[in-house]
Amino acid sequence: MFQPKKKRPRIRRTMSGLIALTLLSSLVFPSVAGAESTEPSEVQFANVTVQAGQTVHVPVTLKQSYSQVSAYNMQIDYDTSALEVVRITPKSVNTISTSPEETGVGDFQYVINNEEGWVRIIWVDFNAGERLVLDEQQLFDIEVKAKSNATPGTKQLTVEQSDSEHWHFTNVEHNSAAQLSGGTITITAANSGGDNSGSTPTPNPGNSSGGGGGSVSPTSPVVTPVPSTPAVTKGVDIYVNGQKQEQSARATTSTVNNQVTTTVHVDNDKVINQIGSGLRTLLLPITGTGKGAVVGELNGKLVKTMEGSNAEVVIQTDSGTYTLPANQIQVDQIHNQFGGTTPLEDITIQIAIAPSATSKQTAIQAAADKLENTTVIAAPIDFEVKAIWNGQQVNVDRFNSYVERTITLPEGVDGSKITTGVVLQPDGSLLHVPTKVIKGNLQDSAIINSLTNSTYALIYHPATFSDVSSHWSRDDVQDLASRLIVQGTAENVFAPDRSITRAEFTAVLLRGLGLHSPRSTEAASFTDVKTGSWYEDEVQTAVSYGLISGYADDSFRPNSEISRAEALTIVSRAMKLVGLAQADASETTSLLSTYSDSATVQAWAAEPVASAIKQELVQGADGKLMTDADISRAQSAAIVKRLLAKAGLI
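Residues numbered from 1 in each chain as written. Predicted model: local features only at pLDDT ≥ 70, side-chain atom pairs only at ≥ 80, totals over all residues. Heavy atoms only, no water.

1. Describing the packing of aromatic side chains
Next, step 1: Under the definition given, this model contains 12 aromatic pairs.
Next, step 2: Ring geometry for Phe526 against Phe556: centres 5.5 Å apart, planes inclined by 40°, an arrangement best described as tilted. Of the two residues, Phe526 is situated in the loop between α7 (502-513) and α8 (536-544) and Phe556 in the loop between α8 and α9 (564-578); the sequence distance between them amounts to 30 residues. Across this residue pair, the class does not change: Phe526 and Phe556 are buried.
Next, step 3: Of the aromatic side chains, those joined through ring pairs into one cluster are Tyr72, Phe108, Tyr110, Trp123, Phe140, Trp167 and Phe169.
Next, step 4: Taking NZ or CZ as reference, Arg405 lies 5.7 Å from the ring centre of Phe383, over its face.
Next, step 5: The positively charged end of Arg633 is found above the aromatic ring belonging to Phe494, 4.2 Å away from the centroid. (Phe/Tyr/Trp six-rings, centres within 6.5 Å; stacked < 30°, edge-to-face > 60°. Helix = DSSP H or I, 4+ residues; strand = E, 2+ residues; numbered from the N terminus. Buried < 20%, exposed > 50% of the residue type's maximum accessible area, 1.4 Å probe, protein only. Lys NZ or Arg CZ within 6 Å of the ring centre and 35° of its normal.)

2. Digging into the layout of surface pockets
Next, step 1: Reported here for the second largest pocket is a volume of approximately 1,000 Å³.
Next, step 2: In terms of lining residues, the second largest pocket is bounded by 36 residues, among which Leu371, Leu430, Leu484, Val486 and Gln487 are the most central.
Next, step 3: For the lining of the second largest pocket, the secondary structure elements donating two or more residues are α5 (358-370), β28 (430-433), α7 and α8.
Next, step 4: For the lining of the second largest pocket, the residue count by class is 17 nonpolar, 12 polar and 7 charged. (1 Å grid on protein atoms, 1.4 Å probe; cavity = no way out; pocket = protein on both sides within 12 Å on 5 of 7 lines; lining within 4 Å. Points joined across faces, edges and corners; volume = space filled by probe spheres on them. Nonpolar A, V, L, I, M, F, W, Y, C, P; charged D, E, K, R; others polar.)

3. Notes on the confidence of the model for the protein chain
Keep in mind that low pLDDT regions are not for reading the predicted coordinates in detail.
Next, step 1: Of the residues in the protein chain, 81% reach a pLDDT of 70 or more, and the chain-wide mean stands at 82.
Next, step 2: Low confidence marks residues 100-105, where pLDDT is under 50. Its contacts with residues over four positions away, or in another chain, come to 16 contacts.
Next, step 3: Contacts for the low-pLDDT stretch residues 191-214, under 50 throughout, to residues beyond four places or in other chains number 113 contacts. (pLDDT = per-residue confidence, 0-100. Contact = heavy atoms within 4.5 Å.)

4. Points about the side chain of Thr506
Next, step 1: Examined against the element boundaries, Thr506 turns out to sit in helix α7.
Next, step 2: Polar side-chain contacts of Thr506 include one of 2.8 Å to the backbone oxygen of Arg502.
Next, step 3: When sequence neighbours within four positions are dropped, the list of residues in contact with Thr506 reads Glu538, Ala542, Ile548, Phe556 and Ile570. (Polar contact = N/O pair within 3.5 Å; in protein donor to acceptor, adjacent residues only side chain to side chain.)

5. Some details on helix α11 (residues 603-614)
Next, step 1: Under the 1.5 Å per step criterion, the end-to-end length of α11 is 17 Å for 12 residues, consistent within 8% with the ideal 16 Å.
Next, step 2: All of the buried residues along α11 are Ala605, Ala606, Pro608, Val609, Ala610, Ser611, Ala612 and Ile613.
Next, step 3: Following α11 by one or two positions, Glu616 has its phi on the positive side, about 60°. (Expected span 1.5 Å × (residues − 1).)

6. A look at the nonpolar core
Across soluble globular proteins, nonpolar side chains have a tendency to be buried as a group.
Next, step 1: Counting residues in each nonpolar core, the largest one holds 60 residues, and the members touching the most others are Tyr402, Val486, Leu513, Leu515, Leu547, Val609 and Leu643.
Next, step 2: Among the elements of the structure, α6 (474-482), α7, α8, α9, α11 and α12 (633-646) are those that each provide at least two residues to this core.
Next, step 3: Here the element with the most residues in this core is α9; it accounts for 9 residues.
Next, step 4: Ignoring any residue separated from it by four or fewer positions in sequence, one finds Val486 in contact with Val477, Leu480, Ala481, Phe494, Val508, Arg511 and Ala637.
Next, step 5: Within the second largest apolar cluster, 51 residues are counted, among which are Leu282, Ala311, Tyr322 and Val433. (Core = buried A, V, L, I, M, F, W, Y, C linked by side-chain atoms within 4.5 Å.)

In structure tokens:
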């Protein structure tokens, strides 16, 4: 059986002992110990911006290494007059983290000392080379808070790289030199850019809650409502790559239909001239608006420039944050819909975060009331992107890759009471979108990743089943049930060991990924998928995303039990969608060879199965893969949960 991985027993060691272990970890690879590196590894701390009194995440990434890393330790120092570290979260594959307050020790350890201003972090591969760190892999995340009395300016996260107890990396082939870049934290005033109370009135188009991939909606006429209060405009600061750009935007505030809106109009040419081709992040921080709507406004020329630099625009508000890669706006498609001859600088791109209308809030509450044991946590929020030119409007509501938005919970709202984020469907139902909750000192937040724009709400929907209470799959099944991804077969019954059909497995995977409608209108044609069947839409959606294909006789066999090989083939296609690396041809042979029944894996399933092994979505049982056996409901839940967790979506 594909049983979930068991936690390794934690071994009690001291921090100093682990430091010594990192310094001597080349002994794990005696055949190459002592070899010298020709080039140093490159480690990058992100440069970030944070407002006084708020927290920010600083990703720490191994950008380049000429051999896989087997151990590292570092001590990061910071200015305690302005900063404090809230949390350290490991991101490397399959780490078990501990802090000094926890019993025992895992692969990854950390100590935070906010009195003296340092963090000590240590990681060692205890598995003799099985869980090495690769290029372009995030090592860990530092959650940093700017103190409420912090003076605006820049602070630096530093490491004494000349001291091996403060900075040391061990690679498989050598004790590697490593060089560090980044770590600048720009602190802005608590009211930066936003003691305004509104914005220019903007149209409020409908939004899509289906899954999507790289599409913009047809043009429609712009209807501009009349503000009920005079607009107020003032200059504001924005941030390019973490550096303040003074007076490079203006904020306009107005009220329409009792909705206060703040629109930030970026000085596009000024920003383009300042950034050249080196833009990575354009941050528009607008706070002090409370529950008001916030709109960031750029033109098509700036978006196109950002697209060429693989840059992203970030709208940061009291209620949430929207992080949108410029290439997901698809400005060329928009340009074509406006005729293709319009100057890009004449096209206005608006990115909005706004509280949902009362009618939507009522509909979401009604949908929650229909679900058993469900509570709506905090008010729902709309995230929208639209392009406007010459009285016409194009809604950008579907993306080619997952786009992140964060909902900040009001003070006093406990993030542990959130089981998932949901979107409201046209039929009035609520469906899961990939969501993870981040704990904060003052306010918790929920990070939602989706391929669409929509109205998002957060719910608490705890779920239990009597027949999994002592089953190995209990945590996986009940977590996915609380997210509305899996359902029971009867009241309080899940039937974990029952086989799952092809249609059922497809539906569970789609719900987990948050794909609720086809990405295209092209119809899938299977001889045995009946019109009006419960799985018709699921099959259509899965085909549109390239997750399923069917058999040579044009059948899908929706009610047939699905084998492990077939299920992992579908999952491997989903891995591409969520950005997980698959096994290449050379890896496939070595990954499969460790199992005694590898010869029974059919050729068409070899790479998908190897990819699932590579990402540790499955590990087999008793040294066997048993790819031709049926997969159970419990195993399906476990694999889907691991996929989402590995991709960082939950």
